[in-house]
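# Notes for the structure review
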Amino acid sequence: MRERDWWLRAALVLWAPRDVFGAMQGSDPDQRQEPALALIVLTGLFAVLSTPYFATLLDEPEVDGLSVAVFAFLGAGAYALVGFFLLGAALKLGSGAPARLARHVVAYAAAPLALAVLVLWPLRLSAYGGDLFRRGGADGGVDGTAFTLVELGFALWSLGLLVVGARYALRLSWAHAAAACVLPATLVGLAVWIDRFQ
């Protein structure tokens, strides 16, 4: 299996996750490293853009659109690095899998969040522009709530893929796969809670 195949699988995991995660067993981890990195960086961008801090960034007089883009990409790198290793370690702890395989399962399970950055966020930007980064902008109300609910759907899709990944890539029973995903899901939930309410 070549690296190019793993780039294709980064998209294929959205509709055929069993095949993609099953192919991780016995494959060369170096060949899936770059697609995993791309997925996790896009996921980091999703996480950064979804924070309340970014929803008011343009309220600061010294911040412009270019600053928002720079902060988003720097934050995405930091979120990606921490998330990749922390959630991979949490999955490893719950499953006993090799660390690198656990990290790759986390990365490929994050594909729906990467998709949200590539599809949902351009729609939001075209609809609301800079109001996405201002308090009380046009992105509030029913439309803003609808986008938030769609984002939640992408996040739940990722969680489902994480369980499927633990089942087929790590060769766990369904019950053990679900249990192994409790700690990573709890860490994400805790991070969201701290971000939103602290």
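Heads up: the structure comes first, above all this text.
Here we summarise the structure given alongside this text. As the structure is a prediction and not an experimental result, all values here were calculated from the model. (Residues numbered from 1 in each chain as written. Predicted model: local features only at pLDDT ≥ 70, side-chain atom pairs only at ≥ 80, totals over all residues. Heavy atoms only, no water.)

### Here we look at the nonpolar core
- Ranked by internal contacts, the top residues of the largest apolar core, which has 37 residues, are Phe 21, Met 24, Leu 91, Val 105, Tyr 108 and Leu 170.
- Elements with a contribution of two residues or more to this core: α1 (3–12), α2 (17–24), α3 (29–49), α4 (65–95), α5 (99–109), α6 (111–128), α7 (141–168) and α8 (174–180).
- Here this core takes seven residues from α5, the largest share from any one element.
- Discounting chain neighbours no more than four positions away, the residues touching Met 24 are Trp 6, Arg 32, Leu 101, His 104, Val 105, Tyr 108 and Ala 169.
- Ranked by size, the runner-up nonpolar core spans 21 residues in total, among them Phe 46, Val 68, Ala 72 and Leu 113. (Core = buried A, V, L, I, M, F, W, Y, C linked by side-chain atoms within 4.5 Å. Buried < 20%, exposed > 50% of the residue type's maximum accessible area, 1.4 Å probe, protein only. Helix = DSSP H or I, 4+ residues; strand = E, 2+ residues; numbered from the N terminus. Contact = heavy atoms within 4.5 Å.)

### Focus on α6
- The terminal C-alpha atoms of α6, which comprises 18 residues, lie 25 Å apart, in line with the 26 Å expected from a rise of 1.5 Å per residue.
- The axis of α6 is deflected most strongly, by about 35 degrees, at Val 117.
- Taken residue by residue, α6 has Ala 111, Pro 112, Leu 113, Ala 114, Ala 116, Val 117, Leu 120, Trp 121, Arg 124 and Tyr 128 as its buried positions.
- The inward-facing, buried residues of α6 abut α1, α3, α5 and α7.
- Remark: Gly 129 follows α6 within two positions and exhibits a positive phi of approximately 55 degrees. (Expected span 1.5 Å × (residues − 1). Bend = angle between axes of the 7 residues up to and from the residue.)

Without other data, these values stay purely geometric and don't point to any function.
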